[in-house]
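Reading the structure
Take a look at the letters that make up each chain.
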Amino acid sequence: MKRLFVLAVLFGAVLALAAVAGAGSAKQPHPSKVKTVVHTTDGGCAGNTWADDTITRTLKVHLNKNGSYRIREEDKGTFVTSAGGAVASPGNCPENTSHHGHTVVPNQTGTLKGYIKGTVTGGTFNPNGSCAANPCTQALFIAAFFGPAASFSCQTSSADCKFKYDYHAKKNQGLLFRHWQDRGHGAGTFLHEKFKGDIASA
């Protein structure tokens, strides 16, 4: 997903929410998970945009004793490679030491599945949050569900982040490579990311 975090992400106007005042008064939010549809762009290992994603996302939320939230976003959906001529394939970068291609033509389709998990601080979980922006970025998603002052560890320099995304292109599209994986842990200066395969026409 994404030289991360194009990992995208959700709907509507953001409520300004107060941060949790103290761990003693905090209660586990109910419901503790929400499901919504996400429309976002997808980034390759070189930082390029290579596809548009439509994702059903399940956000699972656990309130920690210190008032922060441990979250896990589970994504399942489809992708369409970007229109407007051939673009760089998602696996086309020096860091990808597995066999890979260079470019992918537009309108190639497939499925994706993955997760990202980390910690949100400085906000309050709002299960009715929404993000109308298209694409709804990871930052907008977190703001929509936790408030504009919230911070997500996967968007900072932090060891507190883990993710894995797999992409499978459909058969009979003339592709040389049909499977792409982006997984790793940490974020910012702590990021350790590993790429495998590609979605590529050439």
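So, here's what we can say about the structure. These figures come from a predicted structure and were not determined experimentally.

Along its length, the protein chain carries one helix and 10 strands. Beginning at the N terminus, the succession of helices and strands in the protein chain can be written as β-β-β-β-β-β-α-β-β-β-β. Every one of the 202 residues in the protein chain was classed for burial, and the buried ones make up 46%. Accessible surface for the protein chain amounts to roughly 9400 Å². Of this, 55% is attributable to carbon and sulfur atoms.

As judged from the 11 bridges shared by strand 1 (residues 33–43) and strand 2 (residues 49–63), these two strands associate in the antiparallel manner. Bridge pairing links V38 to I55 in strand 2. Connecting strand 1 to the antiparallel partner strand 2 that follows it, the hairpin turn spans five residues, and G47 within it adopts a positive phi of roughly 90°.

Inspection of the sheet shows strand 6 (residues 109–121) paired to strand 8 (residues 158–169) by nine bridges, in the antiparallel sense. Considered in strand 8, the bridge of T111 is made with H168.

This part is about the packing of aromatic side chains. Inspection of the entire model under this criterion finds seven aromatic pairs. Taking 5.6 Å as the distance between ring centres and 70° as the angle between the ring planes, the aromatic pair formed by W50 and Y167 counts as edge-to-face. Of this pair, W50 sits in strand 2 while Y167 sits in strand 8, and the two are 117 residues apart along the sequence. The pair W50 / Y167 is uniform in exposure class, with both members buried. On the numbers, 5.4 Å between centres and 55° between planes, the contact of Y69 with F146 is tilted. With Y69 in strand 3 (residues 69–81) and F146 in helix 1 (residues 138–146), this residue pair connects regions lying 77 residues apart in the sequence. In this structure, Y69 and F146 share a single accessibility class: buried. Following the ring pairs from residue to residue traces out a cluster consisting of W50, F79 and Y167. Sitting over the ring of F141, R57 keeps its end group 5.0 Å from the ring centre. Positioned over the ring face of Y115 is R72, at 4.2 Å from the centre of the ring.

Our focus in this paragraph is the side chain of D75. Its location among the elements puts D75 in strand 3. By relative accessible area, D75 is classed as buried at 2%. Side chain to side chain, D75 and Y165 meet in a polar contact 2.8 Å long.

We now examine the pattern of salt bridges. This model, assessed by the stated rule, comprises five salt bridges. Note that R57 and E73 form a salt bridge whose closest N and O atoms lie 2.9 Å from each other. On the criterion of sequence distance, the pair formed by R57 in strand 2 and E73 in strand 3 is long-range, its members being 16 residues apart. Salt bridges linked by common partners bring R57, E73 and D75 together as one network.

This next bit is on the state of the cysteines. What the rule picks out here adds up to three disulfides. Two residues share a disulfide in this structure: C131 and C136, whose sulfurs sit 2.0 Å from each other. Where C131 bonds to C136 through sulfur, the torsion about that S-S bond is close to 115°, and the disulfide is right-handed. Judged by relative accessible area, which is 1%, C136 ranks as buried. Two residues share a disulfide in this structure: C154 and C161, whose sulfurs sit 2.1 Å from each other. Here the S-S torsion is close to 110°, and the disulfide linking C154 with C161 is therefore right-handed. With respect to class, C154 is no different from C161; both count as buried. Here the disulfide map of the protein chain reads 1-2, 3-4, 5-6, the bonded cysteines being numbered as they appear in the sequence.

Reading the values: rules and limits
Residues numbered from 1 in each chain as written. Predicted model: local features only at pLDDT ≥ 70, side-chain atom pairs only at ≥ 80, totals over all residues. Heavy atoms only, no water. Helix = DSSP H or I, 4+ residues; strand = E, 2+ residues; numbered from the N terminus. Buried < 20%, exposed > 50% of the residue type's maximum accessible area, 1.4 Å probe, protein only. Areas by Shrake-Rupley, 256 points an atom, 1.4 Å probe, with all protein chains shown as cover. Pairing = 2+ DSSP bridges. Phe/Tyr/Trp six-rings, centres within 6.5 Å; stacked < 30°, edge-to-face > 60°. Lys NZ or Arg CZ within 6 Å of the ring centre and 35° of its normal. Polar contact = N/O pair within 3.5 Å; in protein donor to acceptor, adjacent residues only side chain to side chain. Salt bridge = Lys/Arg side-chain N within 4 Å of Asp/Glu carboxyl O. Disulfide = S-S within 2.5 Å.

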